[in-house]
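# Examination of the molecular architecture
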Amino acid sequence: MTGPPRVGIFGGTFNPIHLGHLRAAEEVSEALALERLIFVPCAQPPHKRGSAEDPIAPAAERLAWVRAATVGNPRFEVDPLEVDRSGPSYSVETLRALVPRIGAQAPVFIIGHDAFVEVGTWREPEALLTLAHFAVIARPPVAEGTLADWMPKCLRDDVEVADDGLSARHRAAGNWIRIVEIRALDVSASDIRARLREGRSVRYLVPEAVIDSVQHSGLYAQR
Ligand code: ATP
């Protein structure tokens, strides 16, 4: 790396956005000295299906909540490109669209280790890894392991993992992949949705700025 990359991209379903997302974004921004961190809510997650019991809120609502929850942080931005594009949200297409807009330096794609281990099943995983650096964050329940363990099989030949297992370099593109240690909060959107279904409190899990809107939307309430 010739200098710290300064722009992070944080994709997700954000169904709904929670304090685990915000705290992770803040810690990664600090650890990597990011100047900008762009949240990218997806339109339709290719790997998650909603159901009548556990729905995915409409993209427009999730986008609005992400905007409202991040507005107070000058480093945070929200890009609606996946919602505007609609259909399944493939990160490889998102990066192809965003990278030219961001400028010369490759951005840092921020991803939980739970999602990173699945990257081999994403669209064009080989290309994806050439388009950005990857900051892999361990989130609770914290998995034992290193990048060598978490690297999807189909990508193992494309990267060289350092001896300590904490970082790797893409052999052709030169991008890095590294574990960024954060004190992640044990908060998940599925747990929040379960609480809302059960009529329980989600205060201090969902950002103050959106809690009323999330609750009053009734989108996650018991049907
Ligand atoms: P769900 O519980 O519905 O699967 P989620 O809480 O995992 O949702 P997503 O919107 O799918 O939320 O997550 C977007 C990204 O944020 C993913 O890379 C995920 O690993 C990461 N992430 C989610 N929650 C946390 C957390 N508490 N700490 C750190 N990273 C998180």
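Source: prediction; values computed, not measured.

### Section: unusual backbone geometry
In this structure, the amide linkage connecting Asn15 to the following residue, Pro16, adopts the cis form with an omega of 0°. Within the secondary structure, Pro16 is located in the loop between strand 1 (7–12) and helix 1 (19–31). Not every positive phi belongs to a glycine, and Ser86 is a case in point at roughly 55°. For Ser86, the position within the fold is in the loop between helix 3 (81–85) and helix 4 (91–102).

### Some thoughts on the pattern of salt bridges
As enumerated under the stated definition, the model contains 13 salt bridges in all. For the salt bridge of Glu27 with Arg23, the shortest nitrogen-to-oxygen distance reads 3.3 Å. Remark: Arg23 and Glu27 occur in helix 1; sequence separation between them is four residues, near one turn of the helix. A salt bridge links Glu93 to Arg85; the shortest N-O distance between them is 3.8 Å. Judged by relative accessible area, Glu93 falls into the partly exposed class, the value being 30%. What makes Arg85 partly exposed here is its relative accessible area of 29%. Each of Asp54, Arg193 and Arg197 takes part in salt bridges that share partners, so that together they form one network.

### What about the side chain of His170?
Counting through the fold element by element, His170 comes out in strand 7 (residues 167–170). A distance of 3.3 Å separates the side chain of His170 from the backbone nitrogen of Ala172, its partner in a polar contact. Look past the residues within four positions of His170 in its chain and what remains in contact with it is Glu126, Leu129, Thr130, Asp158, Val159 and Asn175.

### Observations concerning the packing of helix 2 (residues 59–70) against helix 9 (residues 208–217)
The contact between helix 2 and helix 9 brings their axes to 8 Å, and the two run at 160°. With respect to their mutual orientation, helix 2 and helix 9 come out roughly antiparallel. Each of Trp65, Ala68 and Ala69 in helix 2 lies in contact with helix 9, whose residues at this interface are Ala209, Val210, Ser213, Val214 and Ser217. Here the residues of the contact of helix 2 with helix 9 are counted per class, giving six nonpolar, two polar and no charged.

### Describing the site of the ligand
Taken together, 22 residues lie near the ligand, and Lys48, Asp114, Arg139, Leu185 and Ser190 sit nearest. The separation between an oxygen atom of the ligand and a polar main-chain atom of Phe14 is 2.8 Å. Measuring from an oxygen atom of the ligand, one finds a backbone N or O atom of Ala189 at 2.8 Å. A total of 610 Å² of accessible area belongs to the ligand in isolation, and the protein chains cover 91% of it. Taken atom by atom, the bulk of the ligand overlaps the largest pocket.

### A few points about the layout of surface pockets
Within this model, the largest pocket holds a volume of roughly 1100 Å³. Along the walls of the largest pocket sit 46 residues, with Gly11, Gly12, Thr13, Lys48 and Ala115 positioned nearest its centre. The leading source of residues in the lining of the largest pocket is strand 4 (residues 108–112), at four residues. Looking at the lining of the largest pocket, its residues break down into 22 nonpolar, 15 polar and nine charged.

### Notes on the sheet that holds strand 1
Picture the strands of a sheet paired through backbone hydrogen bonds; they go either parallel or antiparallel. Taking strand neighbours across the sheet as the criterion, the eight strands line up as 3-2-1-4-5-8-7-6 in an open arrangement whose pairing is mixed. Edge positions in the sheet fall to strand 3 (76–78) and strand 6 (159–161), since each has one partner strand and no second. Sheet twist, expressed as the average angle between the axes of neighbouring strands with direction ignored, equals 25°. Both strand 2 (residues 36–41) and strand 3 contribute to a ladder of three bridges, which runs parallel. Within strand 3, the residue paired with Phe39 across the bridge is Val78. This element, helix 2, spans strand 2 and strand 3 of the sheet and lies at about 160° to strand 3.

Cut-offs applied
Residues numbered from 1 in each chain as written. Predicted model: local features only at pLDDT ≥ 70, side-chain atom pairs only at ≥ 80, totals over all residues. Heavy atoms only, no water. Helix = DSSP H or I, 4+ residues; strand = E, 2+ residues; numbered from the N terminus. Salt bridge = Lys/Arg side-chain N within 4 Å of Asp/Glu carboxyl O. Buried < 20%, exposed > 50% of the residue type's maximum accessible area, 1.4 Å probe, protein only. Polar contact = N/O pair within 3.5 Å; in protein donor to acceptor, adjacent residues only side chain to side chain. Contact = heavy atoms within 4.5 Å. Axes fitted to C-alpha atoms, helices over the stretch in contact; angles between N-to-C directions. Parallel < 35°, antiparallel > 145°, perpendicular 65-115°, else oblique. Nonpolar A, V, L, I, M, F, W, Y, C, P; charged D, E, K, R; others polar. Near = heavy atom within 4 Å. Areas by Shrake-Rupley, 256 points an atom, 1.4 Å probe, with all protein chains shown as cover. 1 Å grid on protein atoms, 1.4 Å probe; cavity = no way out; pocket = protein on both sides within 12 Å on 5 of 7 lines; lining within 4 Å. Sits in = over half its atoms within 2 Å of the grid points. Points joined across faces, edges and corners; volume = space filled by probe spheres on them. Pairing = 2+ DSSP bridges.

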